[in-house]
Amino acid sequence: MTSVFNSLARALRDLFQPRVLWVVIWPMLVAGLLWLVLAVVFWTTFSGWIALGLDKLGIQAWLTGLEPVWIANGIQALLHVLFYVPLVYLTALILTALFGMTALIRIVAERHYPELKRENGGSVVGSLWNALIAMIVFIALWVVTLPLWLIGVGVLVPFAAAAYLNQRLFRYDAIAEHASAAEMTTLFKNARGGWWGLGALTGLVQFVPLLNLLGPVFAALAFIHYGLARLAKQRQH
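We now turn to the structure provided with this report. (Residues numbered from 1 in each chain as written. Predicted model: local features only at pLDDT ≥ 70, side-chain atom pairs only at ≥ 80, totals over all residues. Heavy atoms only, no water.)

Brief notes about the overall build of the protein chain
Assigned secondary structure in the protein chain consists of 10 helices and 0 strands. Reading the protein chain from its N terminus to its C terminus gives the helix and strand order α-α-α-α-α-α-α-α-α-α. Looking at the 237 residues of the protein chain, the share that counts as buried comes to 43%. Of the contacts made within the protein chain by residues no fewer than 6 positions apart, 82% connect residues no fewer than 24 positions apart. Split by element, the accessible area of the protein chain, about 13,000 Å² in all, is 73% carbon and sulfur. (Helix = DSSP H or I, 4+ residues; strand = E, 2+ residues; numbered from the N terminus. Buried < 20%, exposed > 50% of the residue type's maximum accessible area, 1.4 Å probe, protein only. Contact = heavy atoms within 4.5 Å. Areas by Shrake-Rupley, 256 points an atom, 1.4 Å probe, with all protein chains shown as cover.)

Here you go:
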């Protein structure tokens, strides 16, 4: 776990470089604007889905009879926000993985691993496919584990899902430029515990208000540091 914590420390140190801060800002801005537009355009549809879900849980009837009315309206507005924020974060996470990693890899590699040879074992298609698989499994985890909320175990689901999503989403792109295809396969297999540990620790950031604004890029930097350090060590043997 030492290499995991070292990667987190290096990621935190690199996070506030001027070149990195721009990558922090634009995915959040794009994701926020995207979901704001969708929320305005499809407000009635989204509200209907939320009302349907509340009705299934038996909460909608309670809200309808709640007095004064502004309290019920306030609760429903809060539910909209609670759905909006995770969607923005998740979208920013994907945008960072797909479009921000190249810039971040260049910054980290130039500063910390200038001698590490690029083998380009990954590809754009591979990156897109990896992101798609990550999203499908992430959504499936939520759907399959919905019954767990009824017995109180569901509170663990967001943490497990975040750990999976981070390690699956970022590990591929973190080493795709520098490792060969064979080296990538070996690293994914031999460093599985490290990838998951890093996924779990970076996943916790998304549950801390304000800090979660830095979460996507912090996770990306940590995975880049971890992946390139492990690759350099693997090539020494």
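Let's talk about the packing of aromatic side chains
Using the criterion set out here, one finds 6 aromatic pairs in the structure. Between phenylalanine 188 and tryptophan 195 the ring centres are 6.1 Å apart and the planes differ by 65 degrees, which places this aromatic pair in the edge-to-face class. Ring geometry for tryptophan 195 against phenylalanine 223: centres 6.0 Å apart, planes inclined by 0 degrees, an arrangement best described as stacked. In this pair, tryptophan 195 sits in helix H9 (residues 192-205) while phenylalanine 223 sits in helix H10 (residues 215-236), placing the two residues 28 residues apart along the sequence. Both residues of the pair, tryptophan 195 and phenylalanine 223, belong to the buried class. (Phe/Tyr/Trp six-rings, centres within 6.5 Å; stacked < 30°, edge-to-face > 60°.)

Some thoughts on the packing of helix H2 (residues 18-41) against H10
Closest axis-to-axis distance for the H2/H10 pair is 8 Å, and the angle between their directions is 130 degrees. Classified by the interaxial angle, the pair formed by H2 and H10 is oblique. As for the relative orientation of H2 and H10, their crossing is right-handed in sense. Of the residues in H10, those touching H2 at Val20, Val23, Val24 and Met28 are Pro216, Val217 and Leu221. The residue makeup of the contact of H2 with H10, split by class, is 7 nonpolar, no polar and no charged. (Axes fitted to C-alpha atoms, helices over the stretch in contact; angles between N-to-C directions. Parallel < 35°, antiparallel > 145°, perpendicular 65-115°, else oblique. Left-handed = near helix turned anticlockwise from the far one by under 90°. Nonpolar A, V, L, I, M, F, W, Y, C, P; charged D, E, K, R; others polar.)

Observations regarding the layout of surface pockets
Put simply, the second largest pocket is a space of about 260 Å³. As for the second largest pocket, its lining consists of 16 residues, and the residues nearest its centre are Thr102, Ser123, Val124, Ser127 and Asp173. At the level of secondary structure, the elements contributing two or more residues to the lining of the second largest pocket comprise helix H5 (69-112), helix H6 (124-144) and helix H7 (157-176). It is H5 that contributes the most residues to the lining of the second largest pocket, 6 residues altogether. (1 Å grid on protein atoms, 1.4 Å probe; cavity = no way out; pocket = protein on both sides within 12 Å on 5 of 7 lines; lining within 4 Å. Points joined across faces, edges and corners; volume = space filled by probe spheres on them.)

Quick word on the pattern of salt bridges
Across all of its chains, the model carries 5 salt bridges by this definition. A salt bridge links arginine 19 to glutamate 110, with the nearest nitrogen and oxygen atoms 3.8 Å apart. With arginine 19 in helix H2 and glutamate 110 in helix H5, the pair connects residues that are 91 residues apart, well separated along the chain. (Salt bridge = Lys/Arg side-chain N within 4 Å of Asp/Glu carboxyl O.)

Details of the nonpolar core
Residues Leu169 and Phe170 are the most contacted members of the largest nonpolar core, which totals 59 residues. Contributing elements (two or more residues each) for this core: helix H1 (2-14), H2, H5, H6, H7, helix H8 (181-190), H9 and H10. In terms of residues, this core owes the most to one element, H5, which gives 14 residues. For leucine 169, the contacting residues outside a window of four places in its chain are Leu93, Ile94, Ala97, Asn130, Ala131 and Ala134. (Core = buried A, V, L, I, M, F, W, Y, C linked by side-chain atoms within 4.5 Å.)

Remarks on H7
With 20 residues, H7 extends 29 Å from end C-alpha to end C-alpha; this agrees with the ideal 28 Å at 1.5 Å per step. The element H7 is extensively covered by neighbouring structure, given that 18 of its 20 residues are classed as buried. (Expected span 1.5 Å × (residues − 1).)

A look at a nonpolar patch on the surface
Taken together, the side chains of Leu33, Leu36, Val37, Val40, Val41 and Phe42 present a nonpolar region at the surface, about 590 Å² in accessible area. Among the secondary structure elements, leucine 33 is positioned in helix H2. (Patch = residues over 30% accessible without salt bridge, like charges linked within 9 Å, V, L, I, M, F, W, Y side chains within 5 Å.)

Topic: the side chain of histidine 225
With respect to the element layout, histidine 225 can be found in helix H10. Of the residues examined, histidine 225 reaches a relative accessible area of 1% and is grouped as buried. Not counting the four nearest positions on each side in its chain, histidine 225 is found in contact with Ser7, Arg10, Ala11, Asp14, Val108, His112 and Tyr113.

Structural notes on the environment of tyrosine 226
Note on placement: tyrosine 226 falls in helix H10. In this structure the C-alpha to C-alpha distance between tyrosine 226 and valine 4, which are 222 residues apart in sequence, comes to 6.5 Å. Dropping the residues within four chain positions of it, tyrosine 226 is found in contact with Ser3, Val4, Ser7, Ala191, Gly194, Trp195 and Leu198.

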